[in-house]
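Residue-level structural notes
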Amino acid sequence: MKALKKQVALAVGATLLIAGPALAQEAGEFELPAASDLLVLAFPKWLDETAGRVQTVKLSSGHPEWSGAAAEVLPASARKGKPRLVKRAAPAKAMPRTQSVIVEPAFVSRLGEKRYVLIARLSKATADGMPESSHGMPVALAAYTFETSKNGWKLVQRQEPLAYVGYESQADIQPLQLSAQRMGLSASYGSCWQGHCNEWLSLYEFGKDKVNPAPILELQLNESNAYSLPDCLGRLQEVVREFRGRIDGGYDEPDASHDCVALRGDWSVSTSAQQPGDITVRYTGAVSEGGKHGVQPAAEVDQLLRLQYRNGKYLPVAGRSPIAKPWR
C-alpha cells in the first residue's frame, strides 16, 4: 500500500486517476483497501495529523447549524428539557460555496465488481482547525465512489455530504450487513439536554454505484428523563437498580404532572440472502406514569419491535416502541 503514496495523481475533470496498478493488485476480491489510502485520492493533500485533516470542500447541500442560520433562541423541546432534533439539510444556496472541514475516514465497502465506496466524516472546522462542538452541530457523512482497473484507481463520484447526523460533531458510523448481497451503514448518535437524554439510529443503503441518500430507517432507540426531573430517580429506582442511592438525603416527592422514563433499545438484523433482513429492536427499562390518577409505580419494560424492508424503507410489522414518538 505504501507504493500508492509514491505514485502521481492526475486530476481529470471531476475524477482522479492514479497511475499504476499497485492498489488495484492489492485489493483482491475479499480484501478491502485501507480507508486512509483511498482518502488521499479524494484529498491529495490530506495527512493523518491535526493540520493535515483540515480540507476545503464544496458542499452540495447545507445545514442551518453549519451555515450559522440556526436560531439562537432555544427550541420548545429544549425549554422542556429535551434535546432538539437535528434539522434537515437546507438548500445549497443558503450555504457558502466552500467550507473548511475536518476529514476523517470511516470505512471502505465493496459496491460491486471493481467498484468501492469510502465513507468519511466531515466536521465543521473552527478557525484553529478543531471540530465545532456546539450542542446542535451535526457531522456530515460523505461518500466517495471508486473504480479500479489495470491502470489504477479512479474517483468517479463524490457525495459531499450524503447526510447530516449527530450532535456536537459526534456520531458513531459503522458498516452494516443488510443481507448476504447488500451493504449499508449505520449512524448512531445521542444528546442530553438538561438531564433529558435520547439516542437515535439512522440507516443508509448502498446502491450499485453510490450510497442512497434517503435513509431506510430513522428510529429513536433510547430515552431517559431520569436526571431532568427531581423525582424521577426515586420513582424508577425500584426497577432500574443503577439509580438506587444516587441522591443523598432522599428524593423529591413524586409529581403526577409528568411521566418518568428510562428506556434502552438494542437492535439486530436477521440473516437474509438477498432482501435486507428484518430488524428487531428489544426495548428494556422502566416507566412510571403520571396523570389524573396520580403517580403509578415503575413498571418494567421488555418488549420487541420488528421492522421489515419494503420499497426502500424499513416499516414496523409487529410489536411497538414504548417511546412515545420514536420516528423521525
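This structure is a prediction, so every number in the text was calculated from the model and none was measured.

The rules we used
Residues numbered from 1 in each chain as written. Predicted model: local features only at pLDDT ≥ 70, side-chain atom pairs only at ≥ 80, totals over all residues. Heavy atoms only, no water. Helix = DSSP H or I, 4+ residues; strand = E, 2+ residues; numbered from the N terminus. Contact = heavy atoms within 4.5 Å. Phe/Tyr/Trp six-rings, centres within 6.5 Å; stacked < 30°, edge-to-face > 60°. Buried < 20%, exposed > 50% of the residue type's maximum accessible area, 1.4 Å probe, protein only. Salt bridge = Lys/Arg side-chain N within 4 Å of Asp/Glu carboxyl O. Disulfide = S-S within 2.5 Å.

Further remarks concern the environment of Arg115. Within the secondary structure layout, Arg115 lies in strand 5 (residues 115-124). A sequence separation of 33 residues divides Arg115 from Thr148, and the C-alpha atoms of the two residues are 6.5 Å apart. Each residue touching Arg115, except ones within four places of it in the same chain, is listed here: Arg110, Thr145, Phe146, Glu147, Val156, Lys208 and Asp209.

Now for the packing of aromatic side chains. According to the stated counting rule, one finds nine aromatic pairs in the structure shown. With centroids separated by 5.8 Å and ring planes inclined at 80°, the aromatic side chains of Phe43 and Tyr144 adopt a geometry described as edge-to-face. You can see Phe43 sitting in the loop between helix 2 (35-42) and strand 3 (54-57) and its partner Tyr144 sitting in strand 6 (residues 139-149), a full 101 residues away along the chain. There is no split in this pair, since Phe43 and Tyr144 are both buried. Residues Tyr227 and Phe243 carry aromatic rings whose centres are separated by 5.9 Å and whose planes lie at 85° to one another, so their mutual orientation is edge-to-face. Highlighted residues: Tyr227 in the loop between strand 11 (217-224) and helix 5 (232-236) and Phe243 in the loop between helix 5 and strand 12 (260-269), separated in sequence by 16 residues. Residue classification places Tyr227 among the partly exposed positions, given a relative accessible area of 46%. Cluster of aromatic residues (ring-pair linked, three or more members): Tyr116, Phe146 and Trp153.

Throughout the structure, instances matching the rule amount to eight salt bridges. Residue Arg53 pairs with Asp48 through a salt bridge whose shortest N-O separation is 3.0 Å. The partly exposed category is assigned to Arg53, whose relative accessible area is 22%. Look at Asp48 and you get exposed, because its relative accessible area is 57%. Linking Asp302 and Arg282 is a salt bridge whose minimum nitrogen-to-oxygen distance equals 2.6 Å. Residue Asp302 is located in strand 14 (residues 299-310), and its partner Arg282 is located in strand 13 (residues 279-288); the two are separated by 20 residues in the primary sequence.

Within helix 2, seven of the eight residues are buried, leaving the element largely enclosed by the surrounding structure. For helix 2, the full list of buried residues reads Ala35, Asp37, Leu38, Leu39, Val40, Leu41 and Ala42.

Here the focus is the state of the cysteines. As used here, a disulfide is simply a covalent bond connecting the sulfur atoms of two cysteines. Scanning all chains against the criterion turns up two disulfides. Two residues, Cys192 and Cys197, share a disulfide whose sulfurs are 1.9 Å apart. Classification of the bridge connecting Cys192 and Cys197 rests on its S-S torsion, roughly 110°, and on that basis the disulfide is right-handed. At a sulfur-sulfur separation of 2.1 Å, the disulfide partner of Cys232 is Cys260. Taking the sign of the torsion about the S-S bond as the criterion, the disulfide between Cys232 and Cys260, at about -75°, is left-handed. Placement of the pair is Cys232 in helix 5 and Cys260 in strand 12, with a sequence separation of 28 residues. Overall, Cys232 belongs to the buried group, its relative accessible area being 0%. Taking the relative accessible area as the measure of exposure, Cys260 reaches 0% and is therefore buried. Among the cysteines of the protein chain that take part in disulfides, numbered as they appear in the sequence, the pairing is 1-2, 3-4.

The quantities given are spatial measurements derived from coordinates; they are silent on function.
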